[in-house]
Every structure is written in structure tokens, then in C-alpha cells.
Amino acid sequence: MMLMAPLQGFTEAEFRRAWSRHFTGIHQMVSPFIPLAEGTRFRQQHLRDVLPEANPGLTIIPQVLGNDAPKFLLLARRLQELGYATVNWNLGCPKPAVARKKRGSGLLPFPDLLRQLLDEIIPALPIALSIKTRLGYQRPEEFEKLTEVFNDYPLQNLVIHPRIGVQMYDGEMHLETLDAAIGKLKHDWIFSGDITDRESFLALRKRYPTASGWMLGRGVLANPFLAEQIKLTATPMPSQAHRHRLVSFYSDLMLELADKGRSPLSQLGKKKDYWWYFARWFTEADQIFHRLSHLNDPHAFDAEAGRILMQQPLTPFGPREVRG
Ligand SMILES: Cc1cc2nc3c(=O)[nH]c(=O)nc-3n(C[C@H](O)[C@H](O)[C@H](O)COP(=O)(O)O)c2cc1C
């Protein structure tokens, strides 16, 4: 099973809708996290991204970030009303402002607190729980205790990104720690991290034959064909047909983004964010991103992006550097 990773700021409903109109190969999509609000009510705007009407034809698993059991349950009930059968809990977010409050991966060094929260949440949870985790916050060895905790509760599955919080999204994954841990894990588990091409996927699948699913994140932004390519037996050469699909997808995504009622300048910022990854569809990705990131007039930006989309040679399908 292939899943689309939650990438806050990138894989919200507009992207998911546009991507799924032009590409195939992904079965489920985990939404970027919905934060449990500071106050007593979670904000309705955060639910917008997971409303069924915003995700037509898509299989979405909504994700929640926070460490407050009553609020978690409140939100889970709301998700159940919307028709969801599973909620995913984010225990991976590495942002210091989040982790400092013992949320996301900041909860991982506190297995007793995690246990306490699960004791409160699980018996009252109306839908199934899936957890997305890292191996730890400060040290990958934290995962040993965490495995014991996870094993004591009924989880639908565990999505594992084998880095630790302080690494953010960079540096080597701790695969040796994962190797040692998965034999002890009682749950179905899904691998998330650094799948950038068919070869990296095949190498990981060989190493982890027990994984029940594979999550594609930055690799899909840098190459929207990734899930399709993984299914093929040979890597295709980039063709005019690929370019045509990329152009159609890009136009569709731009329409989706324009619909959100953002100002032209805020839209420009969003486009620049996407181009950090989209530049890698083409040769000379660094120069392309550099050039676009210095264009501050929305019309000039769109004209240059259009020129690149029509004329710049496509990158041969293969490994792409997608850190950051
Ligand atoms: C910009 C960005 C935003 C992310 N947002 C989320 C998020 O909202 N929830 C989550 O569980 N993981 C989030 N992640 C982590 C990804 O889901 C994924 O686990 C990680 O990027 C490793 O996979 P990849 O190398 O395939 O991207 C984010 C990662 C990035 C780079």
C-alpha cells in the first residue's frame, strides 16, 4: 500500500485534489496535522482541509497534533461525525516550538506521559488510532521504551520516520535502530522517509519485507510520477507526454491555489515554496529555483514559470536530492 505523507504547507486538499486528477499510485493520504486548539474549541478552519467535500474520491486519514486527551477525544468525535474511521496522531513534528511543549516528537522522551495519554484516549476513542512517530527526540535509543508502550495498546498501525526530532528532516536515517526494533513491534507498520525513486524504494522494501505500507513525501513533490514509477519494471525516459501531464497538473494546482482567496503576494510566496521542489522536475534545478525565488512581481514569476514548464529539459527519472 502506498500513502501520501502529510507535508504541512504542501499536501493540503488543493494539492491532493490536483495531484490525484493527474497522477496515480497512491491509495491513502494522511492530512497535514490539525492542531488541538489552545482554547476550549478547536478552530473550524482547521477542519476545512479534511471535510469530505474538500477531498472528493480521496481516502484521507486526518492527522492531529497535541497532547491534551479531552481535546483529542473532542476532535476525534468530530472526525467520526465527518465519516472518518481512523485518526492519526502526530508524534513526529520536530519544530522546537512544538517539541518544547511535549507535542509531536517532543513527547517521545516521555514514555510515561505517552502511556498516560493513551490510557485516557484509547478507551474513549470512537474510531481507530494510527500513530506517526520518529525513533525519538534526542536519541534513537528512545525507541526501545516507546516500542513497549506502543505494543501495549490497540493501534491500527504505526508510521515510522526513522530519524530523531533534533535532526529535523535531514541527516542519515537511523536504519540500524529500526532494524533492531521492528522484530519487537506488534503492530502493522508503514515506512516513511527518503523514498525518492524506484531504486531507493526497492532497497528499502528488501530491507523491510514486513512493512505493510510505504509513505511518499518530498519525493512526490520533486517527482509527481514517483508512485507510478515504483510500480513499473523499468524506468522510463522523460517524454513530451510527461511534460504535458506536469503542465496540466501545475495549471490545475495554480487554479486550486488561486481559489483560496489569498492575496497575489501571498500566492507568490506559496508558489515559491512549491518551486523549491518543483524545480527538480527539470535540469539545472538550483538555478531555476534561484531565478524564481528572486522574482517578486507575480506576473513576471508566472511568465518565467511558464517558460520553464514549456522549455526546460526534464530531469531523467532517478534519484533526486530532496532534503529540506
Ligand atoms: C515541509 C514538511 C512538512 C511536514 N509536515 C508534516 C505533518 O504535518 N505531519 C507529519 O506527520 N509529518 C510531516 N512531515 C514529515 C513527512 O510526513 C515525512 O515523514 C518526512 O518528510 C520524511 O519523508 P520524505 O523523505 O518522504 O519526505 C513534514 C515534512 C516536511 C518536509
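Here the structure is a predicted model, which is why all the values come from computation and not from measurement. (Residues numbered from 1 in each chain as written. Predicted model: local features only at pLDDT ≥ 70, side-chain atom pairs only at ≥ 80, totals over all residues.)

Q: Hey, could you go over the site of the ligand for me, with residue numbers and the actual values?
A: Taken together, 21 residues lie around the ligand, and Ala 5, Pro 6, Gln 8, Gly 217 and Arg 218 are the ones closest in. Taken together, the residues of the shell around the ligand sort by class into 8 nonpolar, 10 polar and 3 charged. (Near = placed C-beta within 6 Å. Nonpolar A, V, L, I, M, F, W, Y, C, P; charged D, E, K, R; others polar.)

Q: Summarise the pairing of strand S6 (residues 86-91); cite the residues concerned and give the values.
A: Regular strands show a simple pattern: their side chains alternate between the two faces of the sheet. With 5 of its 6 residues buried, S6 lies for the most part within the structure. Pairing analysis gives 2 bridges linking strand S5 (residues 63-65) to S6, with the strands arranged parallel. Within S6, the position partnered with Val 64 by the bridge is Trp 89. Taking the sense of rotation as the criterion, the β-α-β connection linking S5, helix H3 (residues 69-81) and S6 turns out right-handed. (Buried ≥ 20, exposed ≤ 12 C-beta atoms within 10 Å, placed from the backbone. Helix = DSSP H or I, 4+ residues; strand = E, 2+ residues; numbered from the N terminus. Pairing = 2+ DSSP bridges. Right-handed = clockwise from strand over helix to strand, strands pointing away.)

Q: So what's going on with unusual backbone geometry? Residues and values would help.
A: Phi at Lys 102 takes a positive value of approximately 60 degrees, unusual for a residue other than glycine. Counting through the fold element by element, Lys 102 comes out in the loop between helix H4 (96-99) and helix H5 (111-121). With a phi close to 60 degrees, Glu 284 is a non-glycine residue in the positive phi region. Structurally, the position occupied by Glu 284 is in the loop between helix H12 (264-278) and helix H13 (285-293).

Note that every value here comes from positions in space, so none of it alone points to a role or purpose.
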